[in-house]
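Residue-level structure breakdown
Okay, here's what each chain looks like letter by letter:
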Amino acid sequence: MDCYLVQHGEAKPEQEDPARPLTDRGRREVERVALAVKCSGVEIAEIVHSGKLRAQQTAELLAAVLPPARGVRAVAGLAPMDDLAAARALLDRAEAPAMLVGHLPHLSRLTSLLLVGDPTREIVSFRMGAIVCLGRDEATWRLKWILTPELITA
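Since this is a predicted model, take the numbers as computed values, not measurements. (Residues numbered from 1 in each chain as written. Predicted model: local features only at pLDDT ≥ 70, side-chain atom pairs only at ≥ 80, totals over all residues. Heavy atoms only, no water.)

The next thing to look at is the nonpolar core. Ranked by internal contacts, the top residues of the largest apolar core, which has 23 residues, are Ile47, Leu62, Met99, Val101 and Ile131. A per-element tally of this core places helix 2 (residues 53-65) first, with 6 residues. In this view, Ile131 contacts Tyr4, Leu5, Val6, Val33, Val37, Leu62, Met99, Trp145, Ile146 and Leu147; residues no more than four positions away in its chain are not counted. Among the nonpolar cores identified, the runner-up in size contains 20 residues, and Ala87, Leu113, Leu134 and Trp141 belong to it. (Core = buried A, V, L, I, M, F, W, Y, C linked by side-chain atoms within 4.5 Å. Buried < 20%, exposed > 50% of the residue type's maximum accessible area, 1.4 Å probe, protein only. Helix = DSSP H or I, 4+ residues; strand = E, 2+ residues; numbered from the N terminus. Contact = heavy atoms within 4.5 Å.)

So, in structure tokens, the structure goes:
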């Protein structure tokens, strides 16, 4: 089973807007990445996000292009400094491809925990709007691919 970890798109600075919605550039980059992933045949069962506006907007943009059968919803445990246990449990229970939209350092720590068992080792350098695909065979996770907005030509 595959899972897709997504750092939210570029957001406005907190000084400009405390809610931190996506910038126009952030929206465009997420849409480009979503279209590229759709063209590769990826299907998603559900998209979950942290509930923060920038993650919610990113999840909604992804869902518009990659309509998940079970929809989009906010879940606890995906905020920047949250404990990794909730996200790991969500992935362990998943029976179909899931997409998690979240934040740093949480996503980086989760990826390292899944791949090498040590959340303090940075294995993947995330980028806003990027998607990291991990595959699980039995109880072992492996990195399958990474797609960043810079890799997609307009």
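Now that the structure has been shown, the text picks up again.
The next point concerns unusual backbone geometry. A cis geometry characterises the amide bond from Leu104 onward to Pro105, with omega recorded as 5°. Its location among the elements puts Pro105 in the loop between strand 4 (98-102) and helix 4 (106-116). Not every positive phi belongs to a glycine, and Arg20 is a case in point at roughly 60°. Turning to its location among the elements, Arg20 is positioned in the loop between strand 1 (2-7) and helix 1 (24-39). Backbone geometry places Glu138, a non-glycine residue, at a positive phi of 60°. In this fold, Glu138 is placed in the loop between strand 5 (131-137) and strand 6 (140-147).

Now for the packing of helix 3 (residues 85-93) against helix 4. Taken N-terminus to C-terminus, the directions of helix 3 and helix 4 make an angle of 55°; their axes are 10 Å apart at the nearest point. Relative to helix 4, helix 3 is oriented oblique. Every pair of crossing elements has a handedness; the one defined by helix 3 and helix 4 is right-handed. Across from Ala87, Arg88 and Leu91 in helix 3, the residues of helix 4 making contact are His106, Leu110, Leu113 and Leu114. When the residues that make up the contact of helix 3 with helix 4 are grouped by side-chain class, the tally is 5 nonpolar, 1 polar and 1 charged. (Axes fitted to C-alpha atoms, helices over the stretch in contact; angles between N-to-C directions. Parallel < 35°, antiparallel > 145°, perpendicular 65-115°, else oblique. Left-handed = near helix turned anticlockwise from the far one by under 90°. Nonpolar A, V, L, I, M, F, W, Y, C, P; charged D, E, K, R; others polar.)

Right, let's talk about the environment of Leu62 for a bit. Along the chain, the position of Leu62 falls in helix 2. Here Leu62 is in contact with Val6, Val30, Ala34, Ile47, Met99, Val101 and Ile131, once residues within four sequence places are set aside.

Here we come to the sheet that holds strand 4. One open sheet accounts for 6 strands, arranged 3-2-4-1-5-6; its pairing is mixed. For this open sheet the edge positions go to strand 3 (72-74) and strand 6, each flanked by a neighbour on one side alone. Shown here is a sheet whose adjacent strand axes are inclined to one another by a mean of 25°, direction ignored. Direction of pairing for strand 2 (residues 46-49) relative to strand 3: parallel, over a ladder of 3 bridges. Counted as the bridge partner of Val48 is Arg73 from strand 3. Packed onto the sheet, helix 1 meets strand 5 and strand 6 and runs at close to 115° relative to strand 6. Helix-sheet contacts for helix 4 involve strand 1, strand 4, strand 5 and strand 6, and the interaxial angle to strand 1 is about 155°. (Pairing = 2+ DSSP bridges.)

Quick look at the pairing of strand 5 now. Extensive coverage of strand 5 is indicated by the burial of 6 of its 7 residues. Examined bridge by bridge, strand 1 and strand 5 share 5 bridges and lie antiparallel to one another. By the bridge assignment for strand 5, Leu5 is matched with Val132. In the sheet, strand 5 pairs with strand 6 via 7 bridges, with the strands oriented antiparallel. The residue bridging Ile131 from the neighbouring strand is Leu147, located in strand 6. Turn length for the strand 5-strand 6 hairpin, with the two strands adjacent in sequence and antiparallel, is 2 residues, and the turn residue Glu138 shows positive phi of about 60°.

Any functional reading would require information that these geometric values do not contain.
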